[in-house]
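Structural characterization, general
Each chain, written out:
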Amino acid sequence: MTQTQKQTWMILAVIAALALGGFLGFKFYLKSFIEKKFLVLTMKEQNKKCPVTYSNGIRLDSVTVKSGSKFEYHGTLINVEKEKLNLDSFIDITHQRIFGDLKDPSLQPMKDNNITLAYLYRDKNGKLLSEFIVTPDMYGKK
């Protein structure tokens, strides 16, 4: 193989590597962009309904999107003060409810996009009661 042929193959290899790198980079960027757009649209739709109070005395105040792929639900126990709450019992019951809710088919897009869910609960005075984090690898485990 002549020097010119070697240089030609080297240039072609570099071009192919750059094209592949560019394609993979664009694919990653596009997936990230679509995922972020999905989260923001979902957040906006949820926040249009907020605040909403459920029969169990929990009010969904808002939904936020945090860095990465974290979707946070902010709720308030409207008739409860932290000092008067059996926190261990609340955490146990809420933990069970959250994992039960993960079976809801409406959460499938969250599962498909590997979204981390966070549930933050405050008492009627705004004191943080608990934060539950559900990572994508936890979906469907309970």
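Computed from a predicted structure; not experimentally measured.

Quick notes on the rules
Residues numbered from 1 in each chain as written. Predicted model: local features only at pLDDT ≥ 70, side-chain atom pairs only at ≥ 80, totals over all residues. Heavy atoms only, no water. Helix = DSSP H or I, 4+ residues; strand = E, 2+ residues; numbered from the N terminus. Contact = heavy atoms within 4.5 Å. Buried < 20%, exposed > 50% of the residue type's maximum accessible area, 1.4 Å probe, protein only. Pairing = 2+ DSSP bridges. Core = buried A, V, L, I, M, F, W, Y, C linked by side-chain atoms within 4.5 Å. Salt bridge = Lys/Arg side-chain N within 4 Å of Asp/Glu carboxyl O. Phe/Tyr/Trp six-rings, centres within 6.5 Å; stacked < 30°, edge-to-face > 60°. Axes fitted to C-alpha atoms, helices over the stretch in contact; angles between N-to-C directions.

Our focus in this paragraph is the environment of Pro-136. Within the secondary structure, Pro-136 sits in the segment after β5 (128–134). When the C-alpha atoms of Pro-136 and Lys-111 are compared, they prove to be 6.5 Å apart, with 25 residues separating the residues in sequence. Filtering out sequence-adjacent residues up to four positions away, Pro-136 remains in contact with Asn-114, Ile-115 and Thr-116.

What follows concerns the pairing of strand β4 (residues 116–122). With respect to burial, β4 is a largely interior element, six of its seven residues being buried. Across seven bridges, strand β3 (residues 70–77) lies against β4 in parallel orientation. Across the sheet, Phe-71 pairs through a bridge with Leu-117, a residue of β4. Note that β4 and β5 share six bridges and pair antiparallel.

Counting residues in hydrophobic clusters, the biggest one holds 24 residues, and the most contacted among them are Phe-71, Tyr-73, Met-110, Leu-117, Tyr-119 and Tyr-121. Contributing elements (two or more residues each) for this core: α1 (3–49), β2 (58–66), β3, α2 (87–101), β4 and β5. In terms of residue count, β2 provides more of this core than any other element does, four residues in total. In this structure, Met-110 is in contact with Phe-38, Leu-39, Thr-42, Phe-71, Tyr-73, Ile-115, Leu-117 and Tyr-139, ignoring residues within four places of it in sequence.

Attention shifts here to the pattern of salt bridges. Using the criterion set out here, one finds seven salt bridges in the structure. The partner of Lys-70 in a salt bridge is Glu-72, and the shortest N-O contact between them spans 3.6 Å. Residue class for Glu-72 comes out buried when judged on its relative accessible area of 7%. The shortest N-O distance in the salt bridge between Glu-81 and Lys-124 comes to 3.8 Å. Placement of Glu-81 in the loop between β3 and α2 and of Lys-124 in the loop between β4 and β5 is noted, with a sequence separation of 43 residues between them.

Scanning the entire structure with this criterion turns up four aromatic pairs. Consider the rings of Phe-71 and Tyr-73, whose centres lie 5.3 Å apart with planes at 75°: the pair is edge-to-face. The class for Phe-71 is buried, based on a relative accessible area of 0%. Classification of Tyr-73 by relative accessible area gives buried; the value is 15%.

Summarising the element assignment, Thr-116 is placed in strand β4. By relative accessible area, which is 17% here, Thr-116 ends up buried. Leave out the neighbours within four places in its chain, and Thr-116 touches Ser-69, Lys-70, Phe-71, Ile-133, Val-134, Thr-135 and Pro-136.

Read across the sheet, five strands follow the order β1-β2-β3-β4-β5 without closing on themselves; strand pairing throughout is mixed. Of all the strands in the sheet, just β1 (52–53) and β5 have a single pairing partner and so form its edges. Direction of pairing for β2 relative to β3: antiparallel, over a ladder of eight bridges. Bridge pairing in β3 places Val-65 opposite Phe-71. Taken strand by strand, α2 contacts β3, β4 and β5, and its axis lies near 30° from that of β5.

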